[in-house]
Amino acid sequence: METLIFKIRLLILAWVHFRSQSGPISLVKHFSYKDIKKATDGFRRIVYNSSNRVAYRAKFQNGHAAIVKEVRVFENQDDTAFYREVQLLGRLHHRHIAALNGFSSGPKRFLVFENMEKGSLKEHLSDPLMTPLNWRIRLQIAVGIAAALEYLHFFCDPPMYHVSISSSTIMLDENFTAKLCDVSLLCSVENNPLPKSKCSKECRDEICKHTIFQLGLLILELVTGQSSEDGGVDLVQWVQDSRFRRRSIYQMIDPDLGDSYDFKELKGLLAVAKMCVQSIHKPTIKTPQILWYLQKKLGRTQVVC
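Since the structure is predicted, the reported quantities are computational estimates derived from the model, not experimental observations.

The rules behind each value
Residues numbered from 1 in each chain as written. Predicted model: local features only at pLDDT ≥ 70, side-chain atom pairs only at ≥ 80, totals over all residues. Heavy atoms only, no water. Helix = DSSP H or I, 4+ residues; strand = E, 2+ residues; numbered from the N terminus. Buried < 20%, exposed > 50% of the residue type's maximum accessible area, 1.4 Å probe, protein only. Contact = heavy atoms within 4.5 Å. Areas by Shrake-Rupley, 256 points an atom, 1.4 Å probe, with all protein chains shown as cover. Pairing = 2+ DSSP bridges. Axes fitted to C-alpha atoms, helices over the stretch in contact; angles between N-to-C directions. Core = buried A, V, L, I, M, F, W, Y, C linked by side-chain atoms within 4.5 Å. Parallel < 35°, antiparallel > 145°, perpendicular 65-115°, else oblique. Left-handed = near helix turned anticlockwise from the far one by under 90°. Polar contact = N/O pair within 3.5 Å; in protein donor to acceptor, adjacent residues only side chain to side chain. Salt bridge = Lys/Arg side-chain N within 4 Å of Asp/Glu carboxyl O.

**Q** Just checking my understanding: could you explain the overall build of the protein for this structure?
**A** A tally of regular secondary structure across the protein gives ten helices and ten strands. Out of the 305 residues in the protein, the part that is buried amounts to 52%. Looking at the protein alone, contacts between residues at least 24 apart form 66% of all its contacts between residues at least 6 apart. Here the protein has roughly 15,400 Å² of accessible surface; of this, 51% comes from carbon and sulfur atoms.

Now the structure itself:
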């Protein structure tokens, strides 16, 4: 019966994706390089930084606050590809995906996203001066990010596969609603800035596997409070070997949670995390399946959107 329900869900998603048309392009403002540099205090207000991406906190002259992400320019990628990405990102509309408000073109390219008042998820999990996240908020983050992935993979035209999921690239708004802030057109199904030969079905399947693996690491970080950004080797080993006995879980759970959590929900969340990290070596598990399992394990039936 569960298999039948899941297949029906996939058919409905496929039908909606086929019938849906891209929504109107949001009003996206053009900023000059000078505007971006001044708003980010000379690119010193870094929110997160990695080998291929960097984001800054910005405050413009009119008082408007935002998150600015520098766009990596690929070899032979012209302005047309960048404007195409701006166009598609401007059409995204989901509660758990940061809205694109502007861009800057030229030798260096930037995307300007809505401001996130509460900062990054990483700050709340690792900084003792930040407000600890309660159990209910952590559950909402896990379900919300899974729902955002389903939206990107099944409701966007073309689907958006290149997503970076980590506690650094997930930002929280004033209501602690989690939002993905690192979505790209890279290796999307159509009109991608890379040669199509580099984005075959096998390539997309591998990207999806990696994305789901990242989601598993994120769930483990929500449970344990431990960083997964260096590969999460110890966390992955633990969840793969764990039979989820109380003693083992008590040794790993984030001390900030204390006893304020539902043990049944906790075991369900860890079971989904285990399935996500193991999927890297198995046939691709679709994101709607992950979301469905999360909702089932947590006793939720309503999609977060």
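**Q** How should I be thinking about the sheet that holds strand 6 (residues 109–114) in this particular structure?
**A** The strands making up a sheet are joined through hydrogen bonds of the backbone, oriented either antiparallel or parallel. An order of 1-5-6-4-3-2 is seen for the six strands of this open sheet, with the pairing classed as mixed. Of all strands in the sheet, those bounded by a partner on one side alone are strand 1 (29–30) and strand 2 (46–49). In this sheet, strand 4 (residues 65–71) lies alongside strand 3 (residues 54–59) in antiparallel orientation, the contact comprising six bridges. Within the sheet, the bridge partner assigned to Tyr56 lies in strand 4 and is Val68. Contacting strand 4, strand 5 (100–104) and strand 6, helix 3 (residues 79–91) crosses the sheet at an angle of about 165 degrees to strand 5.

**Q** Would you take a moment to explain the nonpolar core for this structure?
**A** Nonpolar side chains tend toward joint burial in soluble globular proteins. Leu152, Leu180 and Leu215 are the most contacted members of the largest nonpolar core, which has 76 residues in total. When residues in this core are grouped by element, the largest group, 13 residues, is from helix 5 (residues 135–154). Those residues in contact with Leu180 that lie beyond four places of it in its chain are His96, Ile97, Ala98, Ile145, Ala148, Leu149, Leu152, Val163, Ser164, Ile165, Thr169 and Ile170. Listed in part, the twelve residues of the second largest apolar core include Ile36, Phe43, Tyr56 and Phe110.

**Q** So what exactly am I meant to see when it comes to the environment of Arg44 here?
**A** In this structure, Arg44 sits in the loop between helix 2 (33–39) and strand 2. Each C-alpha atom, one on Arg44 and one on Arg57, is 8.7 Å from the other, the two residues being 13 residues apart in sequence.

**Q** Please explain the packing of helix 5 against helix 10 (residues 287–297) as it appears in this structure.
**A** The axes of two packed helices give the description: the angle between them and the distance between them. Running from N to C, helix 5 and helix 10 point in directions that differ by 155 degrees, and their axes come no closer than 8 Å. Classified by the interaxial angle, the pair formed by helix 5 and helix 10 is roughly antiparallel. Pair helix 5 / helix 10 crosses with left-handed handedness. Within the contact between the two elements, helix 5 uses Ala142, Val143, Ala146, Ala147, Leu149, Glu150, His153 and Phe154 and helix 10 uses Thr287, Pro288, Leu291 and Leu294.

**Q** How should I be thinking about the side chain of Ser104 in this particular structure?
**A** Mapped onto the secondary structure, Ser104 falls in strand 5. Side-chain polar atoms of Ser104 contact the backbone oxygen of Phe31, separated by 3.0 Å. Apart from residues lying up to four places away in sequence, Ser104 is in contact with His30, Phe31, Ser32, Tyr33, Ile36, Phe82, Arg109 and Phe110.

**Q** Sorry, what's going on with the pattern of salt bridges here?
**A** Two side chains with opposite charge may pair up if their charged atoms get near one another. Scanning the entire structure with this criterion turns up six salt bridges. Between Arg44 and Asp41 there is a salt bridge, with its nearest N and O atoms 3.2 Å apart. Overall, Asp41 belongs to the partly exposed group, its relative accessible area being 33%. Note that Arg138 and Asp254 form a salt bridge whose closest N and O atoms lie 3.0 Å from each other. Residue Arg138 is located in helix 5, and its partner Asp254 is located in the loop between helix 8 (246–252) and helix 9 (263–278); the two are separated by 116 residues in the primary sequence.

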